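# Architecture and fold: a report
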Amino acid sequence: MLTIDLRSDTVTKPSQNMREVMYKAPVGDDVLNEDPSIHQLQEFAASLFGMEDALFCSSGTQTNQIAIACHTRPGDDVICSSLSHIYLYEGGGIALNSGCSVSMVEGNNGKLTASMVQQLIQPDDIHKPRTTLVSLEDTVNKGGGTCYELSDIKEIHALCKQKNLALHCDGARLFNAILAKNHDPKEYASYFDSISICLSKGLGAPVGSLLLGKKAFIQEAKRKRKVFGGGMRQAGIIAAGALYALEHNRARLQEDHIRAKEIETLLQKMPWCKTVVPVETNIVIWQLSTDIHSSTAVAKLKESNIHCFPFGEDKIRFVTHLDYTHQHHQRLLDVLPTILL
Ligand SMILES: *Cc1c(COP(=O)(O)O)cnc(C)c1O
């Protein structure tokens, strides 16, 4: 029976064409700055966003943690949403790697506004930690894949400039946001000091994330990457897959968004679904209307070969992606209405 895997957009596997590009990739020792495939990827990504430089890293957690470490000193305070990945899902890395505290508010499904940020900035008082960094997530994973309006980002950027705070973007799924909001990547990037993007999610590369920023920032990031144990040698082999993903798989994210929207529409008609977080990209977070625990519902869905993750006690997350094809989608639309939860 067809397995429908909606657990995450990280489950995608490299295609035949991607593997061929990887197989043939020219490589060198990247710690010595000698890997042509990594250079090519970094230059392509930097130019796409009009950023001065980029750094290839092993994961999105690593690019975020490097960025936080570069923008702060121990004892500083970081502003983010309480739904943010950097706070919830990076093993306490803000404290562990950078020695920083956090000031948080949930925001609108994880999206902050300038006035929320303003309220979280610590006063200039010796009792308080120093606020030095604001981090936004776009799209917000825990916010159901919602994305920022450029006008909100502009206001937060202006506030950060005025208060001399660095602004970081956890753009693990930034290409989904760019597509959904029709942003110009260069304009978008101009409001941030650093951006992290994942290549191993919807874009379908097996491994890798990129950190983007100014030349001096990336130079500093390279030091942090080394001390975090992330200096890689002939990693051009994976960088080539990542470049292939960037070149070939950005536009098709639209298909994931359309399918997610169709799933939302269907879920709204199911008696066992109470609410769906409005779908904007490829993430569908929905709430059960029955009192069964989400993990019980997930186990039931699995019996019908639908694989997904619980998200809290009464919520479930579906994520559409490159390997969730038309065939999988049709099957899901047929099967969901037959399920009793
Ligand atoms: C996946 C993800 C990351 C990074 O995850 P890795 O598994 O470390 O690559 C960062 N932020 C968000 C919002 C994510 O969804």
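Look a little higher up for the structure.
Let me begin by describing the structure that accompanies this report. (Residues numbered from 1 in each chain as written. Predicted model: local features only at pLDDT ≥ 70, side-chain atom pairs only at ≥ 80, totals over all residues. Heavy atoms only, no water.)

## Things to note about the overall build of the protein chain
- Scanning the protein chain from N- to C-terminus turns up 14 helices and 13 strands.
- Relative to a compact globule of 341 residues, whose C-alpha radius of gyration would be 20 Å, the protein chain shows 20 Å and is just as compact.
- Judged by the C-alpha coordinates and their principal axes, the protein chain covers about 55 × 55 × 35 Å.
- In the protein chain, which comprises 341 residues, the share counted as buried stands at 56%.
- In the protein chain, the share of contacts with a sequence separation of at least 24, taken over all contacts with a separation of at least 6, comes to 74%. (Helix = DSSP H or I, 4+ residues; strand = E, 2+ residues; numbered from the N terminus. Rg over C-alpha atoms; globule rule 2.2 N^0.38 Å. Buried < 20%, exposed > 50% of the residue type's maximum accessible area, 1.4 Å probe, protein only. Contact = heavy atoms within 4.5 Å.)

## Looking at the pairing of strand β6 (residues 166-171)
- Counting buried residues in β6 gives six out of six residues, a clear majority hidden from the surface.
- Side chains Ala 166, His 168 and Asp 170 of β6 all project onto a buried face; the interleaved residues Leu 167, Cys 169 and Gly 171 project onto the opposite face, where all are buried too.
- Taken together, the five bridges between strand β5 (residues 130-137) and β6 define a ladder with parallel strand orientation. Bridged to Leu 133 within β6 is Ala 166.
- With helix α7 (residues 150-163) bridging β5 and its parallel neighbour β6, the resulting β-α-β unit is right-handed.
- Two elements, β6 and strand β7 (residues 194-198), share four bridges in a ladder whose sense is parallel. Following the sheet pairing, Cys 169 is matched in β7 by Ile 195. (Pairing = 2+ DSSP bridges. Right-handed = clockwise from strand over helix to strand, strands pointing away.)

## Some points on the sheet that holds strand β9 (residues 273-276)
- The strand order β9-β10-β13-β12 describes an open sheet built from four strands, whose pairing is antiparallel. Looking along the sheet, the strands with just one partner apiece sit at the ends: β9 and β12 (309-310).
- Relative to strand β13 (residues 315-319), strand β10 (residues 283-288) runs antiparallel, the two sharing five bridges. Residue Gln 287 lies in a different strand from β13, and its bridge partner there is Lys 315.
- Set on the sheet, helix α12 (residues 253-267) makes contact with β9, β10 and β13; between it and β10 the angle comes to about 15°.
- Of the strands in this sheet, β10, β12 and β13 touch helix α13 (residues 294-303), which is tilted by about 45° from β13. (Axes fitted to C-alpha atoms, helices over the stretch in contact; angles between N-to-C directions.)

## Observations regarding the pattern of salt bridges
- On inspection of all chains with the given rule, the structure shows 10 salt bridges.
- Residue Asp 29 is joined to Arg 233 by a salt bridge in which the shortest nitrogen-to-oxygen separation is 3.2 Å. Placement of the pair is Asp 29 in the loop between α1 (16-24) and α2 (36-49) and Arg 233 in the loop between α10 (215-227) and α11 (236-248), with a sequence separation of 204 residues.
- A salt bridge links Glu 255 to Arg 259; its shortest N-O distance comes to 3.5 Å. Of the two residues, Glu 255 and Arg 259 both sit in helix α12, four residues apart, roughly one turn of that helix.
- We classify Glu 255 as partly exposed; its relative accessible area is 37%.
- When salt bridges that share partners are traced, they join Glu 149, Lys 181 and Glu 280 into one network. (Salt bridge = Lys/Arg side-chain N within 4 Å of Asp/Glu carboxyl O.)

## Examining the nonpolar core
- Judged by nonpolar contacts, the single largest core of 54 residues is most densely connected at Phe 49, Phe 56, Ile 156 and Ile 195.
- Looking at which element gives the most residues to this core, the answer is α11, with seven residues.
- Counting residues in each nonpolar core, the second largest holds 27 residues, with Ala 260, Ile 263, Val 298 and Ile 316 among its members. (Core = buried A, V, L, I, M, F, W, Y, C linked by side-chain atoms within 4.5 Å.)

## Concerning the pairing of strand β2 (residues 53-57)
- When you tally the buried positions in β2, you get five out of five residues, the bulk of the element.
- In terms of strand pairing, β2 meets strand β8 (residues 209-213) through five bridges, oriented antiparallel. Note on β8: the bridge partner recorded for Cys 57 is Ser 209.

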